[in-house]
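Fold and geometry: a report
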Amino acid sequence: MRKKKMKKWIRTNRAVLLLTVLVLTGTVINACTGPGNTTNTPQTPPPVTSENVSLKEPQDAKQQEGPRDAKELETFADGVFADAMKKYNTVGSNFAVVSNGKVLLSKGYGYADRENKIPVDSSTVFQIGSVTKQFTALAAMQLVDKGKIDLHHDIQEYLGGMKIPNTTGKKLTMYDLLTYTSGFDKPDILSGSKPEYVKQFYPMKEALEANMPTIVRPPGEAYTYDNFGFTLAGYAVGQVAGTSYAQYMEDNIFKPLGMNSTNVRFKPELLSRMAAHYDPKGKLIPLEGFIPTDRPSGGMVSNADDMVKYLMMHLNNGTYEGKEILSPESIKQMHTYQVFPDKDYPVTTIGFEGYFKEKMNGQHVVIKGGNVTGHSSLIVLLPEKTTAFYMSYNNDSMMSLDVYEAFMNHYYPKKEAAPKPSYSEISEQQAKDYTGLYQNTRLGSMRSHVSYSDGKLVIETGDLGKSTLKMIHPLLFEDEAGNKIAFQKNGTGQITYFYYMMLPHYVGYAQKVDTDTRFTDVPANSKYASYIQNLHALKIMDGKTATRFDPNGKLTQGEFSELLLHAHGWESMPYTIESNKKQMLSGLPKYQPNSPVTREMAAVMIQNLRQAEPGAKVTLRGETDAWAVKAITTLVSQGIMDPDTKINSDGSINFRSKQLLKRQEASALLDLAFDYYTLPIAKP
C-alpha cells in the first residue's frame, strides 16, 4: 500500500514539481574532483567538450549520424508524435529540426484549438515557459560582451540600488544567477500564475522588492533550480541597458533575429495565434498571466518559425544571416557545462542544462525545457553536430522527454554500452561523514535520511522509499536501479550536500541539516527526542526558548496549522499556500485559531494535506467524533502516530482523540507524516 501511496503523492504534486523539473536546471560549480580525492569545494570548471563527454567513433560513423533526409525525418517524427501524443493525451504539438544550416522539418501535429478544429502549424504561438531562461542568459551575455556586466562582480552593482538580504558574507554574482547557484531560500517566490493576471500590468521592480528572498547558502556552492534568480538577472539586464527588460529583448534579440512572433508579453496579435491550453486529461483551461508581467524566468511566447532562427544562431557560433548576436566566446560558454555534482555528470551550462546523461548516448547535448499551466516546450542542442530541435505542445506533461529520447536513440545511438562500475565497501567510520538528515534546497517537502548498513549507505526518501547505495568512489554512489548520487564537501571538508540524479530530485541539491541540537527538558532517551530534533533542524518547530522545548505544552489550532504548513514543505512556493490552507481545514466542523487543538483535529488536518491511503485495518476504541475516524485510522494504518499510541494485537487502538495535543506528540506526527518513509530495502 505504501508504494501505491508514494506513486499517488508524485502524481498529485507533479504539476508543481514539473514546473521546473523538466525545465531542469544547472549550476556553476565543479564540485567533485574525482575518484580518491578528499576535497570537493566549488571551483571554476574546465570546459567540457566532445573529448571528455562523447564516445569516440570512426570519422565515417560520425558522417552518418544525425538527421540528413527530410522525408525520412518526417516519417520518423510522425510515428514518434502519434505514440507520444496518445500516451500523454496531448491535443496539439509542433516540432522543428535544424541541421547543418538547414530547416529539415517544421511541422504541426493535432490541434492548437480542438474545440474550433484549428490545427497546429509552424506559426502557432506557444508559451515556452522556462525556455525563456536561456534567452535571459543570452541577453546578460550580450552585455558581458559589451563590457557592461562582469559575470563575477556583485550583482547589486547592476540593480540600481536594490538590496538583497544576504546572511553568508559572500557576494552574489550574475554568474551565480545564470548557473542556479544563488543560494536563495525561496527560489520560487515569484512563480505563481493566475488567469486574472493576464490583463493587468505588474512592474518588475515592485514585484522583486515586495518578494525578495534571502541568500542563506554561499552563492556558487549549491545548485538549486531558481526562478527568482533569473527574474533578478533579467531586471539587471534592463537596469544596465537603461531600458525595460521587455524592450531590451525586443531590440537586441527578437528584432535582429527576425523573431516577429516572439515576445515577453501577451501582444494581442500573438494571443490570436496562441494554442489553447489543456490539462493532462485534455480538459480546456484558461491562459494564465504572471507577476511580474515581464517574467525573465519563464514568460516568453514564440513559435516554430521563430525558434528555428534562434537555433541556427546558436549552431552558427552566435551569428545569424551575417549579424553577430553574441560572440563565439560567449556562445561557447553557454554550450559548456559549468556545474558538476560529479566530474562525469554535468547539470547545467550558462542558460542551458545537461540533465539525463543516460539519454545523451555519449554526445555533447545541452537542453532547456519549460512548463507553464497548459503548455510545455523543449530545446535540444547538439552543438558539435550542428543539429538542434525545438518542440512545444499544449499541456504540461513529460512528453518532451519521450521525444528527446527517441530522437537520440534514432539519430545518435549509443556506440557501446557504458562500462559497469566497480564498487567498494564503505566502513562504518567513513559512513559517519555521510549519514544524517537532508532536505532538498528547492522543495522543502523532499527530505531524505542517510544511514549505514553492512558496508553500504542506505537512503530513505519520501517519494522513493528505501534504497541501498553502493560506493563507486568516495562521494559517488549508485542505487539498485543505477541512479547516481553524488555527495558534496564544503571548504572545510565536511559533507554538506548530495545530488540524486533522478526525478524529482533533479530540482536541487539536498542539504545536510544539523540535528545535534539538544533541549535541556528533552532527555536523550526520550521516545520523542529524534522527532523534536528533526523538526528543529528543519526549522519547522522551535523550542519555547533557546534551551527549552516544553514537550508537554499545548498548542492552539492556529499554532498547529502554521507548524503543519511548514512541515508540509511547500511554503517555498507561496502561490500554493492559500490552496493548502483551504485543503488543510476541509471537514473540520469549527476552526478557532485561538482555541487548543485536540488530537483528532490534528489528525484530520494532517490527513487533509498528507492524503495517505489506508493500510492495515484499524479499529478505534474510546470516543472519537465521526468526522475524524477516517483520518485517524488512515494515519495510524500507515504508522503515522506518536510513540505513546499503540496498536493492540486485535487491530484496535485508543488514539485518545479528545485529549489536547502535546507539543512532543505534534513533533512525532508531523515528522512521520512529512519526512522520509521506512520501506523495505529494494532488491537489485
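In this report, we go over the structure that sits alongside the text. These figures come from a predicted structure and were not determined experimentally.

Cut-offs used in this document
- Residues numbered from 1 in each chain as written.
- Predicted model: local features only at pLDDT ≥ 70, side-chain atom pairs only at ≥ 80, totals over all residues.
- Heavy atoms only, no water.
- Pairing = 2+ DSSP bridges.
- Helix = DSSP H or I, 4+ residues; strand = E, 2+ residues; numbered from the N terminus.
- Axes fitted to C-alpha atoms, helices over the stretch in contact; angles between N-to-C directions.
- Expected span 1.5 Å × (residues − 1).
- Buried < 20%, exposed > 50% of the residue type's maximum accessible area, 1.4 Å probe, protein only.
- Arc of directions from axis to C-beta.
- Contact = heavy atoms within 4.5 Å.
- Polar contact = N/O pair within 3.5 Å; in protein donor to acceptor, adjacent residues only side chain to side chain.
- Core = buried A, V, L, I, M, F, W, Y, C linked by side-chain atoms within 4.5 Å.
- Left-handed = near helix turned anticlockwise from the far one by under 90°.
- Nonpolar A, V, L, I, M, F, W, Y, C, P; charged D, E, K, R; others polar.

Re the sheet that holds strand 19 (residues 476–478)
Around the barrel, which closes on itself, the eight strands sit in the order 15-16-17-18-19-20-21-22 with antiparallel pairing between neighbours. Put simply, the sheet's adjacent strands are angled 30 degrees from each other on average, direction ignored. Note that strand 19 and strand 20 (residues 484–489) share three bridges and pair antiparallel. When the sheet's bridge partners are listed, E478 is paired in strand 20 with K484.

Comments concerning helix 4 (residues 70–87)
Since the α-helix advances by 3.6 residues per turn, residues separated by three or four positions end up pointing in the same direction. Relative to the 26 Å expected for 18 residues at 1.5 Å per residue, helix 4 spans 25 Å between its end C-alpha atoms, a close match to the ideal helical length. For helix 4, the full list of buried residues reads L73, F76, A77, V80, F81, A84 and M85. Looking straight down helix 4, one finds its buried side chains confined to an arc of 145 degrees; they lie on one side. Those residues of helix 4 that are exposed and angled more than 90 degrees off the buried face are K71, T75, D83 and K86. Those residues of helix 4 that are buried lie in contact with strand 1 (92–99), strand 2 (102–113), strand 14 (387–393) and helix 13 (399–411). Capping of helix 4 at its N-terminal end is provided by D69; its side-chain oxygen lies 3.1 Å from the backbone amide nitrogen of K71. Backbone geometry just after helix 4 places N89 at a positive phi near 55 degrees.

Concerning the pairing of strand 17 (residues 456–461)
By the criterion of burial, strand 17 is predominantly enclosed, with five of the six residues buried. In textbook terms, the turn of a hairpin is the stretch between consecutive antiparallel strands, and for strand 16 (residues 447–453) and strand 17 this stretch comprises two residues, one of which, D454, has a positive phi near 50 degrees. With antiparallel pairing between neighbouring strands as the criterion, strand 17 and strand 18 (residues 465–473) make up a hairpin whose turn holds three residues.

Topic: the nonpolar core
In terms of nonpolar packing, the biggest core is built from 122 residues, with F95, F135, M174, L178, L232 and Y404 touching the most fellow members. The element best represented in this core is helix 11 (residues 304–315), accounting for eight residues. Leave out the neighbours within four places in its chain, and F135 touches I128, M249, I253, F254, M259, M300, M307 and Y310. Grouped together as the second largest cluster of nonpolar side chains are 49 residues, Y528, M601, A602 and A612 included.

Side note on the packing of helix 5 (residues 132–145) against helix 12 (residues 328–335)
Running from N to C, helix 5 and helix 12 point in directions that differ by 145 degrees, and their axes come no closer than 10 Å. Viewed along their axes, helix 5 and helix 12 form a crossing whose handedness is right-handed. Of helix 12, the residues touching helix 5 (which contributes Q134, A137, L138, M141 and D145) are S330, Q333 and M334. When its residues are assigned to classes, the contact of helix 5 with helix 12 shows four nonpolar, three polar and one charged.

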